Amino acid sequence: YTCISSAASDVYKRQALYLVREDMNAIKRRTFKVRWSTFQTTCYGFKLLGFPKYLIVKAFFVNLIKSLTPYQVQAWYRNYQKKHNR
């Protein structure tokens, strides 16, 4: 048997696959057209993978809410996440 210590497994859980830059300019570039394109791509992928339809509806409402939220609120929420998700 191979035993992995809990300390070693914790190290792997904390490593990020990639880093995403979240600043005000990145948030402003996400226009309604970009979010609509993202939603269409998500729908196509969900259909190919055979996911249930309620996930497509959920993806639609998440994209709709994000596209209607002002930039300053999105930036505030992102800063809040950075402080409280450590």
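Model, not experiment: these values are computed from the prediction.

## Overview of the overall build of the chain
So, step 1. Looking only at helices and strands, one finds five helices and zero strands in the chain.
So, step 2. N-terminal to C-terminal, the α/β element order of the chain is α-α-α-α-α.
So, step 3. Looking at the chain as a whole, 13% of its 86 residues are labelled buried.
So, step 4. Split by element, the accessible area of the chain, about 7,900 Å² in all, is 61% carbon and sulfur.

## Things to note about the packing of helix α3 (residues 32-49) against helix α4 (residues 53-68)
So, step 1. Between α3 and α4, the least distance of the axes is 10 Å, while the angle of their chain directions is 170°. In terms of their interaxial angle, α3 and α4 are classed as roughly antiparallel. Contacts between α3 and α4 involve F32, R35, W36, T38, F39, T42, C43, F46 and K47 from the first element and L55, I56, A59, F60, N63, K66 and S67 from the second.
So, step 2. A class-by-class count of the residues in the contact of α3 with α4 yields nine nonpolar, four polar and three charged.

## Concerning the environment of K28
So, step 1. Examined against the element boundaries, K28 turns out to sit in helix α2 (residues 24-28).
So, step 2. Separated by 46 residues in the primary sequence, K28 and Q74 have C-alpha atoms spaced 9.7 Å apart.

## Digging into the side chain of Q74
So, step 1. Topologically, Q74 is positioned in helix α5 (residues 71-84).
So, step 2. Residue classification places Q74 among the buried positions, given a relative accessible area of 14%.
So, step 3. Within the structure, Q74 has its side chain in polar contact with the backbone oxygen of K66 (distance 2.7 Å).
So, step 4. Once residues within four sequence positions are removed from consideration, Q74 is found in contact with I27, R35, K66 and T69.

## Let's talk about the packing of aromatic side chains
So, step 1. Inspection of the entire model under this criterion finds five aromatic pairs.
So, step 2. On the numbers, 5.3 Å between centres and 70° between planes, the contact of F60 with F61 is edge-to-face.
So, step 3. Judged by relative accessible area, which is 31%, F60 ranks as partly exposed.
So, step 4. Ring geometry for W76 against Y80: centres 5.6 Å apart, planes inclined by 20°, an arrangement best described as stacked. One end of the pair, W76, and the other, Y80, are both in helix α5, four residues apart, so they sit about a helical turn from each other.
So, step 5. Take W76: its relative accessible area is 55%, and that puts it in the exposed class.
So, step 6. Accessibility expressed as a relative area gives 40% for Y80, which makes it partly exposed.

Cut-offs applied
For every chain, the first residue of its written sequence is number 1, and the numbers climb from 1 along that sequence. Totals for whole chains, interfaces and linings use all residues, but because this is a predicted model, local features are given only for residues with pLDDT of at least 70 and pairs of side-chain atoms are given and counted only at 80 or more. Side-chain descriptors were evaluated using all non-hydrogen atoms of the structure, hydrogens and water having been removed beforehand. Secondary structure elements are taken from DSSP: a helix is a run of H or I of four residues or more, a strand is a run of E of two residues or more, and numbering for both begins at the N terminus. Partly exposed residues are those whose accessible area sits between 20% and 50% of the maximum for their type, while under 20% is buried and over 50% is exposed, using a 1.4 Å probe and protein chains only. Accessible surface is estimated by sampling points in the Shrake-Rupley manner with a 1.4 Å probe; for residues, cover comes only from the protein chains shown. Between N-to-C directions, angles span 0 to 180 degrees; the directions come from axes that are lines fitted to C-alpha atoms, helices contributing only their stretch in contact. Note on terminology: angles under 35 degrees are roughly parallel, angles over 145 are roughly antiparallel, angles of 65 to 115 are roughly perpendicular, and the others are oblique. Every residue pair with non-hydrogen atoms within 4.5 Å of one another is taken to be in contact. Residues are grouped as follows: Ala, Val, Leu, Ile, Met, Phe, Trp, Tyr, Cys and Pro are nonpolar; Asp, Glu, Lys and Arg are charged; all remaining types, including Gly, are polar. Counting of polar contacts relies on pairs of N or O atoms within 3.5 Å, with two restrictions inside protein: one atom must be capable of donating a hydrogen and the other of accepting it, and residues adjacent in sequence are counted only when both atoms are side-chain atoms. Any two of the Phe, Tyr and Trp rings considered here, Trp counted by its six-membered ring, make a pair once their centres fall within 6.5 Å; the pair's planes then place it as stacked at under 30 degrees, edge-to-face at over 60, or tilted in between.

Distances and angles like these do not, on their own, reveal function.
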